[in-house]
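So you can see what is in the structure, the chains are spelled out below.
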Amino acid sequence: SDFKVYYVRGALPTVNTEVTVKKNWNLVSVPINIVDKPKVEVFPTSVSPAFVYINKYKPIEILNPGEGYWLKFSEAETLLISGVPLKSLDIQVRKGWNIIGSINTPVSVASITTNPPDIISSNFYQYEFSYSIADTIQPGKGYWVKVSNAGVLILSTTKDK
């Protein structure tokens, strides 16, 4: 189980991020550094459009980091999402409820900072058949959070051990 990283000149190493999904609806996100990637490329086995929440649900076909999405799957499975790792992420949020995304390493919700400060006004909620409070933002998952003002949530990898 030797893990080797091969560098291509001028390119960052890609990683495979495992994302497990349940049968039916899941809150998912894109934990790698991509822009405007079609849903069918990131989650090829999903059986629904991706739904984003911007004051109401809206089906979309193009996915970006930072956003969380509802996606339906016909069976439970583990997906491998390949790409350049996201070490940190500034997530734009609107006043009220938002579904946010993740980076490719777990982030403690206690470590999330905001600009302006102290705008988070709820717990972070995960969904696996029902809602529960999350203490960690996991790679490839999506989370509901309420904020008191528009701003930015900053997710970052913890310091190297």
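Residues numbered from 1 in each chain as written. Predicted model: local features only at pLDDT ≥ 70, side-chain atom pairs only at ≥ 80, totals over all residues. Heavy atoms only, no water.

(A) A look at the environment of Ser102. Within the secondary structure, Ser102 is located in the loop between β10 (96-100) and β11 (107-108). With relative accessibility at 0%, the residue Ser102 sits in the buried group. Between the C-alpha atom of Ser102 and that of Ser29, which follows or precedes it by 73 residues, the distance is 6.3 Å. Reaching out from Ser102, the side chain makes a polar contact with the side chain of Ser29 at a distance of 2.8 Å. (Helix = DSSP H or I, 4+ residues; strand = E, 2+ residues; numbered from the N terminus. Buried < 20%, exposed > 50% of the residue type's maximum accessible area, 1.4 Å probe, protein only. Polar contact = N/O pair within 3.5 Å; in protein donor to acceptor, adjacent residues only side chain to side chain.)

(B) Geometry of the sheet that holds strand β9 (residues 88-93). Read from one edge of the open sheet, three strands run β9-β17-β12, paired in antiparallel fashion. Both edges of this open sheet fall to β9 and β12 (113-115), since each of them pairs with a single strand only. The mean inter-strand angle of the sheet, taken between neighbouring strand axes irrespective of direction, is 25°. Where β9 lies against strand β17 (residues 151-156), six bridges are found, and the strand directions are antiparallel. Looking at the pairing, Ser88 lines up with Ser156 of β17. (Pairing = 2+ DSSP bridges. Axes fitted to C-alpha atoms, helices over the stretch in contact; angles between N-to-C directions.)

(C) Local environment of the nonpolar core. Membership of the largest hydrophobic core comes to 18 residues, with the highest contact counts inside it found for Ile100, Ile112, Phe124, Ile137, Leu153 and Leu155. Those residues in contact with Ile100, other than ones at most four positions away along the chain, are Gly66, Glu67, Gly68, Ile91, Val93, Phe124, Ile137, Lys141, Gly142, Tyr143, Val145 and Leu153. Counting residues in hydrophobic clusters, the runner-up holds 17 residues, among them Val19, Val52, Leu71 and Phe73. (Core = buried A, V, L, I, M, F, W, Y, C linked by side-chain atoms within 4.5 Å. Contact = heavy atoms within 4.5 Å.)

(D) Representation of the pairing of strand β13 (residues 124-127) within the structure. Alignment of β13 against strand β14 (residues 131-134), held across four bridges, turns out to be antiparallel. Across the sheet, the residue bridging to Tyr125 is Ile133, located in β14. The hairpin formed by β13 and β14 contains three residues between the paired strands, and Phe129 there has a positive phi angle of roughly 75°.

(E) Spatial organisation of the packing of aromatic side chains. For the structure on display, the rule yields nine aromatic pairs. A centroid spacing of 6.3 Å and a plane angle of 75° characterise the contact between Phe43 and Phe73, whose relative ring orientation is edge-to-face. Of this pair, Phe43 sits in the loop between α1 (39-42) and β4 (50-53) while Phe73 sits in strand β7 (residues 68-73), placing them 30 residues apart in sequence. Here Tyr127 and Tyr131 contribute two aromatic rings whose centre-to-centre distance is 5.1 Å and whose plane-to-plane angle is 65°, an arrangement assigned as edge-to-face. A relative accessible area of 43% places Tyr131 in the partly exposed class. (Phe/Tyr/Trp six-rings, centres within 6.5 Å; stacked < 30°, edge-to-face > 60°.)

(F) How the structure looks around the side chain of Ser29. Positionally, Ser29 belongs in strand β2 (residues 24-29). Among the residues examined, Ser29 registers a relative accessible area of 0% and is labelled buried. If sequence neighbours within four positions are ignored, Ser29 has contacts with Phe43, Glu67, Gly68, Tyr69, Gly101, Ser102, Gly140, Lys141 and Gly142.

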